Amino acid sequence: MKIDVLTLFPEMFDALNCSLMGRAKEKGLYELRCHNIRDYSADKHKKCDDTPFGGGAGMVMTPQPIHDCIRAVDGEHNALRIYMSPRGKRLNQQIVKDLSQCGDIVILCGHYEGVDQRVIDMDIDMELSVGDYVLSGGELPAMVLIDCVLRYVPNVLGNAESTVDESFSQPLLEYPHYTRPQEYCGMPVPEVLVSGNHQNISKWRREQSLAITRKNRPDLLENK
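Residues numbered from 1 in each chain as written. Predicted model: local features only at pLDDT ≥ 70, side-chain atom pairs only at ≥ 80, totals over all residues. Heavy atoms only, no water.

Peer 1: Teacher, can you tell me more about the nonpolar core here?
Peer 2: Here is a general trend for soluble globular proteins: nonpolar side chains tend to be buried in one another's company. Residues F13, L99, I107, L128, L145 and I146 are the most contacted members of the largest nonpolar core, which totals 27 residues. Looking at this core element by element, the count peaks at 6 residues for helix 5 (residues 139-150). Each residue touching L99, except ones within four places of it in the same chain, is listed here: M1, L80, I82, I105, L128, L145 and V149. (Core = buried A, V, L, I, M, F, W, Y, C linked by side-chain atoms within 4.5 Å. Buried < 20%, exposed > 50% of the residue type's maximum accessible area, 1.4 Å probe, protein only. Helix = DSSP H or I, 4+ residues; strand = E, 2+ residues; numbered from the N terminus. Contact = heavy atoms within 4.5 Å.)

Peer 1: Is there a simple way to explain the side chain of R81 in this structure?
Peer 2: With respect to the element layout, R81 can be found in strand 5 (residues 80-90). A distance of 2.6 Å separates a polar atom in the side chain of R81 from the backbone oxygen of D74. If near-sequence neighbours (up to four positions away) are discounted, R81 is found in contact with I70, D74, V106, D123, I124, D125 and M126. (Polar contact = N/O pair within 3.5 Å; in protein donor to acceptor, adjacent residues only side chain to side chain.)

Peer 1: Help me understand the pattern of salt bridges, please; the structure alone is not making it clear to me.
Peer 2: Think of it this way: side chains of opposite charge can pair up when their charged atoms draw near. Inspection of every chain in the model, using the stated rule, returns 7 salt bridges. Taking the shortest distance from any N to any O, the salt bridge between R81 and D123 comes out at 3.8 Å. Of the two residues, R81 sits in strand 5 while D123 sits in helix 4 (residues 117-123), which places them 42 residues apart along the sequence. Exposure remark for D123: the relative accessible area of 3% places this residue in the buried category. The partner of R90 in a salt bridge is D132, and the shortest N-O contact between them spans 3.0 Å. One end of the pair, R90, is in strand 5; the other, D132, is in the loop between strand 7 (126-129) and helix 5, and 42 residues separate them in sequence. Connected through shared salt-bridge partners, D74, R81 and D123 make up one network. (Salt bridge = Lys/Arg side-chain N within 4 Å of Asp/Glu carboxyl O.)

Shown next as structure tokens:
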């Protein structure tokens, strides 16, 4: 999989060189290329924003640098082009799975009050949001999206089954996990987990998932 990111702050994506994603990149399991939108600005000062028509607070990213950057990166429109935006469709696990199968991806990171609508109309296939809140830019949401999607790329995770029983895969929230020592600060591991009875363990985990989902995300149970 090849992922191209369009951003004003490409250095932020150095964080993806750590941990699982860093090792997967070293193995050649995916390719991540970051493009500085400012490099494509026709303005002599490399300006990429201006005041909004109609008035209002803040600045808006101008269309020319973004459009030219997208054309340079994906001139034949072979990739799925995504704009990270608080007004977009909210990211969920099914969307993540679908994106992991779609091939190459181009991700546009907005800043300020957003980007000129004409760029979205001309160049963007999908707007995605990571939650019902607003961040200062699209870089952190883009990193969230990249991390989520790459977990479904073969061999990125050490164990392919890691994506099967985790939160939202059922869709339920994940059951509690325990490891050594068997007792810590007077708190023992639930007896069922050391019983060796895998049928009872599976039943317990299912019950715990349901209880946690009912407590923290009852909306996930509405259609069950």
